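Structural overview
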Amino acid sequence: MDRKLESVKIEGKDVSLLSEFPVRFACMEHFDEELDDYVNDFEAAPDTHRAELLQDESMDKRCRVCGAPAKIALLKEKGL
């Protein structure tokens, strides 16, 4: 599931995001596939964080491919 946000809390810090890029999640098995898809879909490499560090209980932190609990979050931070 793609979710576009303006900011998210990562390890207790507010991190501004580029809102035109979605936040996506992937399990370790499908990380390479999701990374390739993100780059192909948005022509930009995402920033990555451990999914558990994103502190937003409303996010569906499951892999887009298989639905397993996500290990990696893919997103685009402002200023990086």
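Quick note: structure is the one above.
Right, let's walk through the structure included here. Computed from a prediction, not measured in an experiment: that's the story for all the values here. Residue positions are given per chain, counting from 1 as you read along its sequence in written order. Whole-chain, interface and lining totals are the exception, using all residues; otherwise, since this is a predicted model, local features are given only for residues with pLDDT of at least 70 and side-chain atom pairs are given and counted only at 80 or more. The basis for the side-chain values is all heavy atoms of the structure; hydrogens and waters are excluded.

What follows covers the sheet that holds strand β5 (residues 72-75). Strand order in the open sheet made by the three strands is β3-β5-β4, with antiparallel pairing throughout. The sheet is open, and its two edges are formed by β3 (24-26) and β4 (47-50), each paired on a single side. Across this sheet, the average inter-strand angle for adjacent strands is 30°, counted without regard to direction. In this description, strands pair whenever DSSP reports at least two bridges between them. Under the scheme used here, helices are H or I runs from DSSP no shorter than 4 residues and strands are E runs no shorter than 2 residues, and both carry numbers assigned from the N terminus. Across three bridges, β3 lies against β5 in antiparallel orientation. Considered in β5, the bridge of R24 is made with L74. Taken strand by strand, helix α1 (residues 31-42) contacts β3, β4 and β5, and its axis lies near 155° from that of β3. Axis definition: a line fitted to C-alpha atoms, limited for helices to the stretch in contact. Angles are taken between N-to-C directions and run from 0 to 180 degrees. Two residues qualify as a contact provided that any one of their heavy atoms is within 4.5 Å of a heavy atom in the partner residue.

One less than the residue count of a helix, multiplied by 1.5 Å, gives the span that helix is expected to have. Relative to the 16 Å expected for 12 residues at 1.5 Å per residue, α1 spans 16 Å between its end C-alpha atoms, a close match to the ideal helical length. In this scheme, a residue with accessible area under 20% of its type's maximum is buried, one over 50% is exposed, and one in between is partly exposed, where area comes from a 1.4 Å probe on protein chains only. Of the positions making up α1, those classed as buried are F31, E34 and Y38. Down the axis of α1, the smallest arc covering the buried residues is 65°, so these residues share one side. Opposite its buried face, α1 presents the exposed residues D32 and N40, each directed more than 90 degrees away. Summarising the contacts, the buried residues of α1 are in contact with β3, β4 and β5. Of the residues one or two after α1, E43 is the one with positive phi, at around 50°. This arc describes the spread of directions from the helix axis toward the C-beta atoms.

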